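What the coordinates show
Read off the chains here:
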Amino acid sequence: SRECTVQRPSTTAYAVDLRSRSYITIDGFRFEGDGGVKLSGPGSTSNILENCTSHGLSVYTSGGTDHVIRDFEFVRTSLSGNVLSLASTGFDERTTVKNGIVRGGSSSLVVKSCKDCTVDNVKLSGAWTHGIELNGAENLTIKNSILMAATANGEPGPFIKNAKNVTFINNAFLRGWW
């Protein structure tokens, strides 16, 4: 159902928790409050999050394969917590993030143990520590995206640690805020 607003129940850490769930599409939801949206977990496959907005929550994948996050706007005004984390815990394969805006947080986009993942046409800005943090990613492609430096340290590009075979195609790395 489109145009739904979802707030995290006070008894759980997540507004939506799809660990151990597969082939689920969440289309057109607005997530508000604190906590997070957990799109996946070990053993899950092919979950889709599309046409969604998030204000205040973090969005995570935590393992599984072939997940898609597309046509989104995720904003976190708090300096604690990341806005969008791929493979925050666990190991992701072939996750695709496409056509979105990510603003704020400690880091706007964190890609950890993600193999054969793609980030396409995503705009990142307003992070405090890192605009984009790549830590353990393998065979990652980032293309057609605008990546803003973090506001605290004005880093010139992505923070990369223990990543292998990262490909950047047709991206802009900018300093400042938009």
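Residues numbered from 1 in each chain as written. Predicted model: local features only at pLDDT ≥ 70, side-chain atom pairs only at ≥ 80, totals over all residues. Heavy atoms only, no water.

Brief notes about a nonpolar patch on the surface
- Among the surface-exposed residues, I160, F168 and F173 lie close enough to one another that they form a single nonpolar patch of about 250 Å² accessible area.
- Among the structural elements, F168 can be located in strand β20 (residues 164-169). (Patch = residues over 30% accessible without salt bridge, like charges linked within 9 Å, V, L, I, M, F, W, Y side chains within 5 Å. Areas by Shrake-Rupley, 256 points an atom, 1.4 Å probe, with all protein chains shown as cover. Salt bridge = Lys/Arg side-chain N within 4 Å of Asp/Glu carboxyl O. Helix = DSSP H or I, 4+ residues; strand = E, 2+ residues; numbered from the N terminus.)

Digging into the sheet that holds strand β10 (residues 84-86)
- Strand order in this open sheet of seven strands is β2-β5-β7-β10-β13-β16-β19, and the pairing throughout is parallel. Taken across any chain shown, the strands that pair with only one partner, and hence form the sheet edges, are β2 (14-17) and β19 (159-161). Strand-to-strand twist across the sheet, computed as the mean angle between neighbouring axes with direction ignored, equals 10°. (Pairing = 2+ DSSP bridges. Axes fitted to C-alpha atoms, helices over the stretch in contact; angles between N-to-C directions.)

Quick look at the state of the cysteines
- A full pass over the atoms with the stated rule returns one disulfide.
- A disulfide bridge connects C114 with C117, and the sulfur atoms are separated by 1.9 Å. Where C114 bonds to C117 through sulfur, the torsion about that S-S bond is close to -80°, and the disulfide is left-handed.
- Among the residues examined, C114 registers a relative accessible area of 1% and is labelled buried.
- Cysteine C4 shares no disulfide, and the gap to the nearest cysteine sulfur, in C52, comes to 9.8 Å.
- Note on C4: relative accessible area 26%, which makes it partly exposed. (Disulfide = S-S within 2.5 Å. Buried < 20%, exposed > 50% of the residue type's maximum accessible area, 1.4 Å probe, protein only.)

Some points on the pairing of strand β16 (residues 130-135)
- In terms of burial, β16 is largely enclosed, as five of its six residues are buried.
- Here strand β13 (residues 107-111) pairs with β16 via four bridges, running parallel. In the sheet register, V111 faces β16, and the bridge partner there is L134.
- Direction of pairing for β16 relative to β19: parallel, over a ladder of three bridges.

Structural notes on unusual backbone geometry
- The phi angle at N51 is positive, at roughly 55°, despite the residue not being glycine.
- Within the secondary structure layout, N51 lies in strand β6 (residues 48-55).
- A relative accessible area of 28% places N51 in the partly exposed class.
- The backbone of R94 sits at a positive phi, close to 55°, despite the residue not being glycine.
- Relative to the helices and strands, R94 resides in the loop between β11 (92-93) and β12 (96-104).
- Judged by relative accessible area, which is 37%, R94 ranks as partly exposed.

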